[in-house]
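Below, each chain spelled out in residue letters.
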Amino acid sequence: MLKKTFSILLIVALLVISCKKDPSATPPPVIKPPTPPLVLNVSVYPNPTTGIFTIQTNDTRPDSLQIVNALGQVVLNQIISSTTVIDIIGIQSGIYYVTVTPTIGNKVIRKIIVIH
């Protein structure tokens, strides 16, 4: 009887020991949710303009700026920072579209009116 009890205790002890976590095992990787793209805020002022205006964004990284006329012809391509003064005095009066494209995120289009 004692031998049988000892055998049962030995089996239980072995089961408990084998069920313990291995301290050398690496934990599962932590999965972080993806960083959402920047929601770009763009201000263009003054509007209407005589050809010199300011573009202000909330992005700290360089952004790509493109200005096109109503016919879709590119008037200006430039890299801008968070606040940039743009000089397009030499262009004709009319309606122009300012497109700001950030490194990460969606582009923003604003309409400006140039009056001479």
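The model shown is predicted, which means the values in this text are computed figures rather than measured ones.

Thresholds, definitions, all that
- Residues numbered from 1 in each chain as written.
- Predicted model: local features only at pLDDT ≥ 70, side-chain atom pairs only at ≥ 80, totals over all residues.
- Heavy atoms only, no water.
- Pairing = 2+ DSSP bridges.
- Helix = DSSP H or I, 4+ residues; strand = E, 2+ residues; numbered from the N terminus.
- Axes fitted to C-alpha atoms, helices over the stretch in contact; angles between N-to-C directions.
- Salt bridge = Lys/Arg side-chain N within 4 Å of Asp/Glu carboxyl O.
- Buried < 20%, exposed > 50% of the residue type's maximum accessible area, 1.4 Å probe, protein only.
- Contact = heavy atoms within 4.5 Å.

Participant: Give me the sheet that holds strand E3 (residues 63-69): which residues, what numbers.
Facilitator: Read from one edge to the other, the open sheet built from four strands follows the order E4-E3-E6-E7, with strand pairing classed as antiparallel. Looking at which strands have only one partner, the edges of the open sheet turn out to be strand E4 (74-80) and strand E7 (108-114). Taking the axes of each pair of neighbouring strands and ignoring which way they run, one obtains an average angle of 20° across the sheet.

Participant: I'd like to hear about the environment of Ser93, residue by residue, with values.
Facilitator: Mapped onto the elements of the fold, Ser93 is located in the loop between strand E5 (83-87) and strand E6 (94-101). Measuring from C-alpha to C-alpha, the distance between Ser93 and Thr49 comes to 9.4 Å, with 44 residues separating the pair along the chain.

Participant: Can you tell me about the pattern of salt bridges, naming the residues and giving the values?
Facilitator: Where charged atoms of side chains with opposite charge meet at close range, the side chains can pair. The final tally for this structure, using the stated rule, is one salt bridge. Linking Asp59 and Arg61 is a salt bridge whose minimum nitrogen-to-oxygen distance equals 3.7 Å. Accessibility expressed as a relative area gives 2% for Asp59, which makes it buried. Using a relative accessible area of 32% as the deciding quantity, one classes Arg61 as partly exposed.

Participant: Tell me what's going on with the sheet that holds strand E1 (residues 42-45), and back it up with residues and numbers.
Facilitator: The strand order E1-E2-E5 describes an open sheet built from three strands, whose pairing is antiparallel. Of all the strands in the sheet, just E1 and E5 have a single pairing partner and so form its edges. Ignoring which end each strand starts from, the neighbouring axes of this sheet average 20° apart. Taken together, the four bridges between E1 and strand E2 (residues 52-57) define a ladder with antiparallel strand orientation. Along E2, the bridge assignment pairs Ser43 with Gln56.

Participant: Account for the side chain of Thr99, with residues named and values stated.
Facilitator: Within the element layout of this structure, Thr99 appears in strand E6. Residue contacts for Thr99: discarding those within four places in its chain leaves Ser64, Leu65, Gln66, Lys107, Val108 and Ile109.

Participant: Explain unusual backbone geometry to me, and be specific about the residues and the numbers.
Facilitator: Omega for the bond connecting Tyr45 with Pro46 falls within 30 degrees of zero, at -10°, which places this linkage in the cis form. Here Pro46 shows up in the loop between E1 and E2. Here Asn47 and Pro48 are connected by a cis peptide whose omega angle stands at 10°. With respect to the element layout, Pro48 can be found in the loop between E1 and E2.

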